[in-house]
Amino acid sequence: MGRKLLLEHDDKPGIQGLDGYRTHGGYRSVEKALRTMSPEAVLDEVKTSGLRGRGGAGFPTGMKWSFLAKPEGVPRYLVVNADESEPGTFKDRYLMERIPHLLIEGMITSSFALGANTSYIYIRGEYFYVARILERAIEEARAAGWLGKNILGSGFDHDIHVQVGAGAYICGEETALLESLEGKRGNPRIKPPFPAVKGLYGCPTVVNNVETIAAVVPIINDGGAEYAKIGVGKSTGTKLISAGGNIKRPGVYEIELGITCDEFMNSEEWCGGVDGRALKAVVPGGSSVPIIPADLYYKTVNGDARLMTYESLADGGFASGSMLGSGGFYAYNDAQCIVRSTWNHTRFYHHESCGQCSPCREGTGWMEKVLHRLEHGEGRMEDIELLWDIQRKIEGNTICPLGDAAAWPVASAIRHFRDEFEYHVLHPEKVKDPKHFAHAPFVRSPKFATA
Amino acid sequence: MPKVTIDGIAIDVPEGTTILQAARMIGERNTADRHVVPPAMCYYTKLKTSGGYCRTCIVKVSKASEKDPRPMPKPVASCRTAVMDGMVVENTTSPELLEARKGVVEFLLINHPLDCPICDQAGECHLQDLSYENGAVTSRYEFERRTFDPIDIGETIKLHMTRCILCYRCVKVAEQITDGRVHGVINRGDVSEISTYISNAIENDFSGNMIDVCPVGALTDRTFRFASRVWFTNPVDAHRDCDKCSGKTVLWLKGKEVLRVTGRKDQWGEVEDFICNTCRFDKKDLKHWSVEGPRKIDRHSVIGQGHYLLQRKQQLLNSPAPNVPEIAKRKELKDR
């Protein structure tokens, strides 16, 4: 049984309310930070902990905080990114729904370190009921004196506002999120300037994921060094993984970074193994990370067991690895069609592209049309090369990472499952049945086994 | 002053200059070096926060600065990236960059109708130039193109959304030089469109500048539509006393008839001064204007076709052609 830092008390009665939360040690980190620590000391603890951004990119949080510009007389902001829209990811929803005060506590402590007197939670439109839970919790916290003027007599003022987005995937990109928060069209900004220098309303801003901010609470309670003891190498602490797809026990799990992929997939504590059939492929970190075949999920190309860490999952680069991403883990059994799944992913990115810069605006739609043709038995061999070329020309040439996110699933699907694409061209009649691999699983040719 | 090297040509530029501006300075210093200037479809010097969207001006930075000599991992938009001292930029010398740009041009063209034969912008269209210089001969796109119905946005401007490449220039014009923007980009992704909300007319004294900044034929002058191809008209510099703008314009004449009035565009296709709608739409008679003389047209432009032959010959003799030296040499021999 691994250690749980965030979800330790998630099943306790009354944990959603302030009283229940307090009986399980809630708001200790605020007391500790505001009464006994300086903002710099809090920042140092976060740096020591080695905490990395849990939204997907995995950027060291302490470093991000230290980049925050601190000009005189200009307010600073903390913005929590609760626009959890990555397909396959639903960990933040669970956290906010179950233990809203954990996020609020983390926000107060983090804002104290950053010197921010106002912070915002930008939550996706589909989570309107979660926004209500958060607002109720904020109201409770405010009434109890955890928010407002002069918290705990420390002279630190803080307030939190919840802003509900309108449900655009792109608004999860930090600069698009800030634009949307300012009431504008959610188009990503061109960086530099980075939000740490010019963010919300032109002021220095830190944008962090819900889970990142929540993780600040155990870091301050137990100390950064204690947190850093969990995990392997630069992947420290625990991570929420939202597991789905063809597994026996889908759900949100808190894992210690560093358990093996095999354990995560097959242990009864976590996914409980593949749903009845053979494992075909895994997307370990949300729809934008590369899809990897089962053998590469369990073992790296060097034959080492793959671990659930930022480094190990990325081992081998894009040729044979993937990314931990946001922790939106989903597995495919051998009844699933990779071409169909890739088409579905691309359809999503086409729909969600903001239309600001040309490669993503035009390229995603083009890829979707080609993939649609392939999946429905009307494709040609050249289409595979065409797809490869389109994704190559999108990747790296766009303003924000949505272009890359749209390109990577296509690239990895072709890289590892090219023979399945070829099968779709060669057997148009068979693939016209939407469940074409349900009765007779597709057998990968051995030449693609290790790509 | 930071020193930047673009395609092997070094220049000292003021602090805060963008790579694109530095390249243009090189081009202005010596016309023979104009090939280092990246094409730009959405950037407009006179419009703040423009640029960064079309991605045609991407360049490869092989050395970020003297202090940090690492290359930048991805191509950067030269119009929005400031130079650092010691920066080394590759534009036309990097085959992979040219390949990436070719990709961008292809993306811009897949939903463009390519209706140049019936488009008023033909001959002065930046997308035409771009695809001619950087694009492929054929398209690999086989699906139905995105289409919209042309609409009149106000008395004087026609919007062909089908041709639009979403450069946002007209939005910035409305925001920065007119009082009150009534149009913008609505919807998302490849169905996003420039539009007024809802069916509003754009009525203000400077709205006509949207036509000048539009790099394609999406916004055209309704008072000039289908009157003539631009290369059959005779552009002359002219001015008048105007209480709203500088009054410095170009008149596009056919005989003594003023077919249209536009701002004066420099060698990068950007107007020198924004002009008002009175000058642009209401003064279509030579008697309102003091004509200064023929407009200098770049010898590569189709607009110069048949005009000012003497001047062009002189130019040919004086300067080696910037873009394609071999062709210039051939032409020079022929002219002799």
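Residues numbered from 1 in each chain as written. Chains lettered and ligands numbered in written order. Predicted model: local features only at pLDDT ≥ 70, side-chain atom pairs only at ≥ 80, totals over all residues.

Trainee: How should the overall build of chain A be read in this particular structure?
Mentor: Along chain A, the regular secondary structure elements total 20 helices and 12 strands. Scaling as 2.2 N^0.38, a compact globule of 451 residues should have a C-alpha radius of gyration of about 22 Å, and chain A matches this with 22 Å. In chain A, buried positions account for 56% of the 451 residues. (Helix = DSSP H or I, 4+ residues; strand = E, 2+ residues; numbered from the N terminus. Rg over C-alpha atoms; globule rule 2.2 N^0.38 Å. Buried ≥ 20, exposed ≤ 12 C-beta atoms within 10 Å, placed from the backbone.)

Trainee: Explain the sheet that holds strand β13 (residues 257–262) of chain B here, please?
Mentor: All names here are of chain B. Read across the sheet, 4 strands follow the order β13-β12-β11-β14 without closing on themselves; strand pairing throughout is antiparallel. Across the chains shown, the open sheet's two edge strands, defined by having one partner strand only, are β13 and β14 (290–294). Neighbour-to-neighbour, the strand axes of this sheet turn through a mean angle of 35 degrees, independent of strand direction. Summarising the sheet, strand β11 (residues 234–239) and β14 pair through 4 bridges and their orientation is antiparallel. Along β14, the bridge assignment pairs H239 with S290. (Pairing = 2+ DSSP bridges. Axes fitted to C-alpha atoms, helices over the stretch in contact; angles between N-to-C directions.)

Trainee: Could you clarify how one ought to interpret the domain arrangement of chain B in this entry?
Mentor: Much of the literature gives interface size as the accessible area that the parts lose upon coming together. According to the domain assignment, chain B contains domain 1 (3–102), domain 2 (116–221), domain 3 (230–294) and domain 4 (306–335). Once you take the C-alpha centre of each, domain 1 of chain B and domain 3 of chain B turn out to be 32 Å apart. (Domains from an automatic or database assignment.)

Trainee: Would you explain the sheet that holds strand β7 (residues 157–159) of chain B in this entry?
Mentor: The strands that make up a sheet are held in pairs by hydrogen bonds between backbone atoms, and each pair lies either parallel or antiparallel. Residue and element names in this part refer to chain B. Read across the sheet, 3 strands follow the order β6-β7-β10 without closing on themselves; strand pairing throughout is antiparallel. Looking at strand neighbours, the two that pair on one side only are β6 (151–152) and β10 (219–221), the edges of this open sheet. Pairing geometry for β6 and β7, over 2 bridges, is antiparallel. Each residue of the ladder has a partner; that of D152, found in β7, is K158.

Trainee: What should I look at first to understand the environment of R222(B) in this one?
Mentor: Residue and element names in this part refer to chain B. Tracing the backbone through its elements, the reader meets R222 in the loop between β10 and β11. Judged by the 15 C-beta atoms lying within 10 Å of it, R222 falls in the partly exposed class. On a C-alpha basis, the gap between R222 and G154 in space is 9.5 Å, while along the polypeptide they are 68 residues apart. Setting aside chain neighbours within four positions, we find R222 in contact with D152, T156, I157 and K158. (Contact = placed C-beta atoms within 7 Å.)

Trainee: For this particular structure, what's the right way to read the interface of chain B and chain A?
Mentor: Counting from both sides, the interface comprises 25 residues of chain B and, opposite them, 22 residues of chain A. Looking at the side of chain B that touches chain A element by element, the count peaks at 6 residues for helix α2 (residues 95–110) of chain B.

Trainee: Could you clarify how one ought to interpret the pairing of β11(B) in this entry?
Mentor: Remember that side chains alternate between the two faces of the sheet whenever the strand is regular. Taken together, the 6 bridges between β11(B) and strand β12 (residues 248–254) of chain B define a ladder with antiparallel strand orientation. Note on β12(B): the bridge partner recorded for N234(B) is L253(B).

Trainee: How should I be thinking about the environment of E144(B) in this particular structure?
Mentor: Residues and elements named next belong to chain B. In this structure, E144 sits in the loop between α3 (126–134) and β6. In this structure E144 comes out as exposed when scored by C-beta crowding, with 8 C-beta atoms within 10 Å. Between the alpha carbons of E144 and I110 there is a distance of 9.5 Å; along the sequence they are 34 residues apart.

Trainee: Where do I start with unusual backbone geometry in this structure?
Mentor: Excluding glycine, most residues fall at negative phi; most peptide bonds, likewise, are trans. Cis geometry marks the peptide bond from K191(A) to P192(A), where omega comes out at -10 degrees. A cis amide bond, omega 0 degrees, links P192(A) with the succeeding residue P193(A). Along the chain, P193(A) turns up in the loop between α8 (174–181) and β5 (205–209). One non-glycine residue, Y201(A), adopts positive backbone phi at about 50 degrees. Residue placement: Y201(A) occurs in the loop between α8 and β5. The residue Y168(B) is not glycine, and still its phi comes out positive at about 70 degrees. Along the chain, Y168(B) turns up in the loop between β7 and α4 (169–177). Judged by local crowding, Y168(B) falls into the buried class, with 24 C-beta atoms found within 10 Å.

Trainee: Just checking my understanding: could you explain the domain arrangement of chain A for this structure?
Mentor: Residue and element names in this part refer to chain A. Taken domain by domain, chain A consists of domain 1 (18–227), domain 2 (232–333) and domain 3 (338–448). Distance between the C-alpha centres of domain 1 and domain 2: 27 Å. Each partner contributes residues to the interface: domain 1 has 19 residues there, and domain 2 has 21 residues. Listed by contribution, the elements that provide at least two residues to the side of domain 1 that touches domain 2 are α5 (91–98) and α9 (210–222). The dominant element in the side of domain 1 that touches domain 2, judged by the number of residues it contributes, is α5, at 3 residues.

Trainee: Looking at this structure, I do not really get the pairing of strand β9 (residues 193–196) of chain B. What am I missing?
Mentor: Residues and elements named next belong to chain B. Bridge count for strand β8 (residues 183–186) against β9 is 4 bridges, and the pairing is antiparallel. In the strand pairing of β9, H183 is matched with T196. If you look at the hairpin formed by β8 and β9, you'll find 6 residues sitting between the two strands, and N187 has a positive phi there, around 65 degrees.

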